[in-house]
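Coordinates in review
Listed below, chain by chain, are the residues.
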Amino acid sequence: MAVFDTPQEAFGFLRPVCVQLTKAQTVENVEHLQAQLQAVGASALQELQQYVLFPLRFALKTPGPKRERLLQSVVECLTSVLSATCVKDPGLLQELFSELSACLYSPASQKPAALSEELKLAVIRGLSTLMHSAYGDIILAFYQPALLPRLGFAVSLLLDLTEQEKSKEIKTAAVRCLQVLLLQCECGDHPRSLDESEQTELGDLFASFLPGISTALTRVITGDFKQGHSTVVSSLRLFHKTVGFIMADEQLRRVSGAQAKPAVEQRVAELMIHRKADWVKNTGAKLALLLKRIVECVSVHPYWKVRLELVELVETLLVKCGQSLVESASPLLKALVSLVNDESPQVQVRCSKTLRHLADQQVVVGSRAFADILSENLHSLATSLPRLMNSQDDQGKLSTLSLLLGYLKLLGPKVNLVLHSMAHLQRLSKALLQVLELDVTDVKVVEERRWHTHELSSSPEAPATARPWNHVQRRYFRFFTDERVFLLLRQICQLLGCYGNLYLLVDHFLELYRESVVYRKQAAMVLNELVIGAAGLEVVVESLYENSPQASPEDLRDTITAVLEEYTSQENWYLVTCIEAEEMGGDLTVQPPGLPAITSGAHTCQVASFQAGSKPSPTICTMNSNIWQICIQLEGIGHFAYALGQDFRLLLMSALYPTLEKAGDQSLLISQAAMGTMMDMCLACSYESLQHLINDNSDYLVNGISLNLRHLAQHPHTPKVLEVMLRNSDASLLPLVADVVQDVLATLDQFHDTRAASFVGVLHALLAALAQWFPTTGQPQEQSMGKEDSHWSRRATLEKGLDDATTTADELEQFVLNYLKEKEAAEGNVPDVDDEEEAPSVPPEAHESDRLPDVEPPLPPQTQIAKDVMERCIHLLSDKNLKIRLQVLDVLDLCVVVLQSHKNQLLPLAHRAWPSLVHRLTKDDPLAVLRAFKVLRTLGGQCGDFLRSRFCKDVLPKLAGSLVTQAPVSARAGPVYSHTLAFKLQLAVLQGLGPLCQSLDLGEGDLNKVAGACLIYLSAKQPVKLQEAARSVFLHLMKVDPDSTWLVLSEHHCPELLTPPHPSLCPVRLPGAPGQQSPYTANVLHLLQELP
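Bear in mind the structure is a predicted one, so any value in this text is a computation, not a measurement.

Attention shifts here to the overall build of the protein chain. Of the regular secondary structure elements, the protein chain holds 52 helices and four strands. At a minimum sequence separation of 6, the contacts of the protein chain that also span at least 24 residues come to 78%. Accessible surface computed for the protein chain: about 49500 Å², of which carbon and sulfur atoms make up 54%.

Time to look at the pattern of salt bridges. Applying the stated criterion across every chain yields a total of 28 salt bridges. Residues Glu 511 and Arg 514 are paired through a salt bridge, measuring 3.3 Å at the closest nitrogen-oxygen approach. Separated by three residues within a single helix, Glu 511 and Arg 514 lie in helix H26 (residues 502–515), roughly one turn from each other. Salt-bridge contacts for Arg 885 lead to Asp 924; the nearest nitrogen and oxygen are separated by 3.0 Å. Taken together, the residues Arg 885 in helix H44 (residues 882–898) and Asp 924 in the loop between helix H45 (903–922) and helix H46 (926–943) connect sequence positions 39 residues apart. Under the relative-accessibility criterion, Arg 885 is labelled buried at 10%. One connected set of salt bridges, linked through shared partners, spans Arg 307, Asp 342, Glu 343, Asp 482 and Arg 484.

Moving on, we come to unusual backbone geometry. Phi is positive for Ser 686, close to 65°, though the residue is something other than glycine. Relative to the elements of secondary structure, Ser 686 occurs in the loop between helix H32 (668–684) and helix H33 (690–696). With a phi angle near 55°, Asp 1001 is a residue other than glycine that sits in the positive phi range. Its location among the elements puts Asp 1001 in the loop between helix H48 (981–1000) and helix H49 (1004–1015).

Here we take up the side chain of Ser 328. The residue Ser 328 is located in the loop between helix H17 (304–320) and helix H18 (329–338) in this model. Here Ser 328 falls in the buried class, since its relative accessible area comes to 0%. Setting aside anything within four residues of it in sequence, one finds Ser 328 in contact with Gly 284, Leu 287, Ala 288 and Leu 291.

With that settled, the discussion passes to the confidence of the model for the protein chain. Should pLDDT be low for a region, the predicted coordinates there are not to be read in detail. Model confidence for the protein chain is summarised by a mean pLDDT of 82, while 84% of its residues fall at 70 or above. Here residues 581–615 is a poorly scored stretch, pLDDT under 50, and it has 81 contacts once near neighbours within four places are set aside; other chains count. Note on residues 798–805: pLDDT under 50 across the span, and eight contacts to partners over four residues away in sequence or across chains.

Along the chain, Ser 133 turns up in helix H7 (residues 117–133). When its relative accessible area of 5% is taken as the criterion, Ser 133 is described as buried. Among the polar contacts made by the side chain of Ser 133, one reaches the main-chain carbonyl oxygen of Leu 130 at a distance of 2.8 Å.

Bringing the packing of aromatic side chains into the picture now. Tallied over the entire structure, the rule returns 14 aromatic pairs. Both rings, one in Phe 97 and one in Phe 142, keep their centres 4.8 Å apart while their planes meet at 65°; by these two values the pair is edge-to-face. Note that Phe 97 is positioned in helix H6 (residues 90–102) and Phe 142 in helix H8 (residues 138–142), a separation of 45 residues in sequence. With 4.6 Å between their ring centres and 15° between their planes, Phe 477 and Phe 480 make a pair best called stacked. Phe 480 matches Phe 477 in its accessibility class, with the two residues each being buried. An aromatic cluster is present here, built from Phe 97, Phe 142, Tyr 143, Phe 206, Phe 209 and Phe 245 joined pairwise through their rings. Positioned above the aromatic ring of Tyr 687, the side-chain terminus of Arg 649 is 4.4 Å from the ring centre.

The next point concerns the packing of H46 against helix H47 (residues 945–972). Running from N to C, H46 and H47 point in directions that differ by 150°, and their axes come no closer than 10 Å. Regarding the angle of H46 to H47, the classification is roughly antiparallel. Of the two elements, H46 crosses H47, and the hand of that crossing is left-handed. Facing H46, whose interface residues are Phe 933, Leu 936, Leu 939, Gly 940 and Cys 943, H47 presents Asp 945, Phe 946, Leu 947, Phe 951, Val 955 and Leu 959. The class makeup of the residues in the contact of H46 with H47 is nine nonpolar, one polar and one charged.

Our next topic: the nonpolar core. Within the largest apolar cluster, 333 residues are counted, with the highest numbers of intra-cluster contacts made by Phe 648 and Phe 951. Excluding residues that lie within four positions of it along the chain, Phe 951 makes contacts with Trp 914, Leu 936, Leu 956, Pro 957, Leu 959, Leu 993, Leu 996, Leu 1000 and Leu 1002.

Quick look at the environment of Asp 439 now. By the element assignment, Asp 439 lies in the loop between helix H23 (422–435) and helix H24 (444–447). Take Asp 439: its relative accessible area is 32%, and that puts it in the partly exposed class. Not counting the four nearest positions on each side in its chain, Asp 439 is found in contact with Tyr 476, Phe 477 and Arg 478. Within the local environment of Asp 439, its side chain forms a polar contact with the side chain of Thr 441, the two groups lying 2.7 Å apart.

Quick look at helix H5 (residues 68–84) now. When the terminal C-alpha atoms of H5 are compared, their 24 Å separation across 17 residues agrees well with the 24 Å that a helix rising 1.5 Å per residue should span. Along its buried surface, H5 packs onto helix H2 (27–37), helix H4 (49–61), H6 and H7.

When the C-alpha atoms of Ser 686 and Gln 646 are compared, they prove to be 7.3 Å apart, with 40 residues separating the residues in sequence. Apart from the residues within four sequence positions on either side, Ser 686 is in contact with Gln 646 and Arg 649.

At a minimum axis separation of 10 Å, helix H50 (residues 1024–1040) and helix H52 (residues 1081–1090) run at an interaxial angle of 30°. The angle between the axes of H50 and H52 places the two elements in the roughly parallel class. By crossing handedness, the relation of H50 to H52 is classed as right-handed. Note on element contacts: H52 touches H50 through Asn 1083, His 1086, Leu 1087 and Glu 1090, opposite Gln 1027, Arg 1031, Phe 1034, Leu 1035 and Met 1038. Of the residues belonging to the contact of H50 with H52, the class tally is four nonpolar, three polar and two charged.

Procedures and definitions
- Residues numbered from 1 in each chain as written.
- Predicted model: local features only at pLDDT ≥ 70, side-chain atom pairs only at ≥ 80, totals over all residues.
- Heavy atoms only, no water.
- Helix = DSSP H or I, 4+ residues; strand = E, 2+ residues; numbered from the N terminus.
- Contact = heavy atoms within 4.5 Å.
- Areas by Shrake-Rupley, 256 points an atom, 1.4 Å probe, with all protein chains shown as cover.
- Salt bridge = Lys/Arg side-chain N within 4 Å of Asp/Glu carboxyl O.
- Buried < 20%, exposed > 50% of the residue type's maximum accessible area, 1.4 Å probe, protein only.
- pLDDT = per-residue confidence, 0-100.
- Polar contact = N/O pair within 3.5 Å; in protein donor to acceptor, adjacent residues only side chain to side chain.
- Phe/Tyr/Trp six-rings, centres within 6.5 Å; stacked < 30°, edge-to-face > 60°.
- Lys NZ or Arg CZ within 6 Å of the ring centre and 35° of its normal.
- Axes fitted to C-alpha atoms, helices over the stretch in contact; angles between N-to-C directions.
- Parallel < 35°, antiparallel > 145°, perpendicular 65-115°, else oblique.
- Left-handed = near helix turned anticlockwise from the far one by under 90°.
- Nonpolar A, V, L, I, M, F, W, Y, C, P; charged D, E, K, R; others polar.
- Core = buried A, V, L, I, M, F, W, Y, C linked by side-chain atoms within 4.5 Å.
- Expected span 1.5 Å × (residues − 1).

Listed below in structure tokens is the structure:
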């Protein structure tokens, strides 16, 4: 279609369509006109503007009801014409404005008409397009006092649509149309800026709309969050642009005292506002109420763009209306400060820029400077902080603490003006201590114990950077549950340490720390964060005025030294954390709960004895509180290390030893906190690992251990220090601790009846370290099987010879004789003379030994230590405390491992330990039986023939009898049985019997006892794990005596008939005939297939 650029051509083209539309107002005719307009050029359409608009306006003004679809088409077509042309006639602008506004109004109900959403949206867009199409000064001619009612009518309609409509699109469009009507549009369609007189006249005109606009927009802004963020953002923008224009200080200064009388009707003149001082004051007071509501609601809005627009609102009003909105300055600034710590980075950055701009411009609100308002608000907040922390929920606490954090960030060093006021410092500190109160009712904190010794050690070569330095243990607070509250509190304390007077704050909170047990944990948390802030570790300096003079290294070290001495003092470091007196061998002696800390010479779980019932035991809450206090103090030491860096090496002498004590504590939380603290020390002092930290400081640690062992009553934790050192070091430590180990053994000899538990833990750590530092090659473990020519190995050799075609009759005869001889020996029918005759068959090496010196060479240090420890374990095996017996059995097991390559020392000690070990195996608690059986397996693997007869005589009959007795019980039991101690005992015995039989090289009779006891567990009725363990026993028996094992298994199930190799031989008949099914069939078949 051709484009008509000349008015004459365009007129001829459009005239038929316009005439047709004037005659018949239909949707088709309107759409036809709109389609024809696409072919008309812009210049031609501008000349024919009023001609084209006439049929459209006629359709709008035609009396009578009209279809909404027709109205919508007419308005859309009119909008398209206005968007392509400019309105140069003031009268046309006013008439079109009235005609479009009337489309939204219902005269009958005197409120917005109930129209379709599409029509409402089309009319609103038409109004916006109309105002944008006004040419040059024509727009100013529209804003005359005489047209105030017409303009007010449209503003009222649009405000009603903004409030009442449910469509987000209509609400947003209505707000933006209002922004255009009030000449606050952000588009570039109005290029000419207003001069001062024009701004003043428009300000007076728009002041008439201010009450309605501000109240309606406030209701929209503070409405339901579900209305959508775009509506709220647009409403906020319109609010601050309108208020900022009408209440601008620059305009109000030009307003004359006398009001000029406009040449309008009396009724219109009454609507006019003259912005005198009284009006400004009253309006400012009313706006302050609305702004307070807006700030309270929008500050916590979930969408970040809404909060970002709030920052724009605050900046606009504080910069433009600092004098007229004096009463609103405090809440506006409060909103800005609270958003400094917003979770959205966009809001944070914009807020910081705004505050920086306000400070740089030296904005004065009323007669007060910006900094004075901040200080005054901080004073007020500090006064009300305890009440707010006590009454608000988590969300309220977040808002209040964010505000406090913002004030501290902005004021910087000026915060000392508040801190130097003792009243305000007291209220601030009490509020922090109040909200930081921990919930100490959880019994799990007390129940969680460090049962496994490997928890005392991280990997010795693990890098210290694996753990973030600012990591804190998860804790639960009494007055809040949101983790963000705790994060804000930490940041507040860090900023106080960064900007405040460090000596003043530390002294004040140390006084509170000493004042009451109630404040001690909270004060310690605050002190830890104060030091972090003073060192500038996590603080981002955002002060608006001056940089904080960072604390000098000397001041920081002196402060940390004072706090460290307080933390590690006797009354604050050794607190009651458990009831059982482990170091007293089970005697229940605890400290009375009324004392905040134990007296000198007391232990965490052991204090001076008193008569039973004379004083109550400490409560769960008391022990929980003490555990958390120690953990917080340990975390503080780690933070102190980071604060000082390399300078902390000067304090290692006083910090490392107490930390090692707590690393060995039985409380899991305390032990974990202490290990984390030592990792912090490693990273701060540039140690590569925990091992290097201990090794480099082992000289003074060993000296302290040696001195404290002489006064064990005053230093009961001393063995724990050595235990942790051993678990986190290497073999280079052994020469340094060798003498201390002897001191420990001597002290154990002296206090074996009262403090055996703590020493046994050290011995276990010592032997575990020796086993790790000095591993054996494994050759001695095989001597009893490989180097000794056992009768089963000889028999295997002869049996192999039977398969050789060259076997002679003499060899066959010798095999039979040897077999009969060994059978007699197994049945005990061999006289002692045989042993005496076999004794001289020792090779002639004995003559060489006669030429060696009579003095034995000295034993290696680790061997001598293991020997000495094993001697003590032999005596402690009969201790009345089950826990000690279990620990001793573990230590004994490790002793055997360390001594396995020194049989001359191991065998005599094994001989001495055997009676007590047998007692543990046969007449002790099932837990002790399990642990003793483990020791027996280790002994059997190392001692071999030395234990064979003892095992067969003292242990095997009772083990076999126990297995036979328990078999019917396990066969009838259900799935829960696998969790019982009896099941675990059966399983351990079955899993260990096979290796024992193989390592001890048992005779045929004893092997038959083992097979008979274990055969029952091949039944399918037994639990699966017991069946698997029983199969493992027979697999080991096959390696010792495959023939006997085959016979035992075949008697229960023989998979095939046995045919004699010659007719003269009698047929072999076994009970387990082929084809017969029994509970043993599956397992027996599996084992027979494994038989070599």
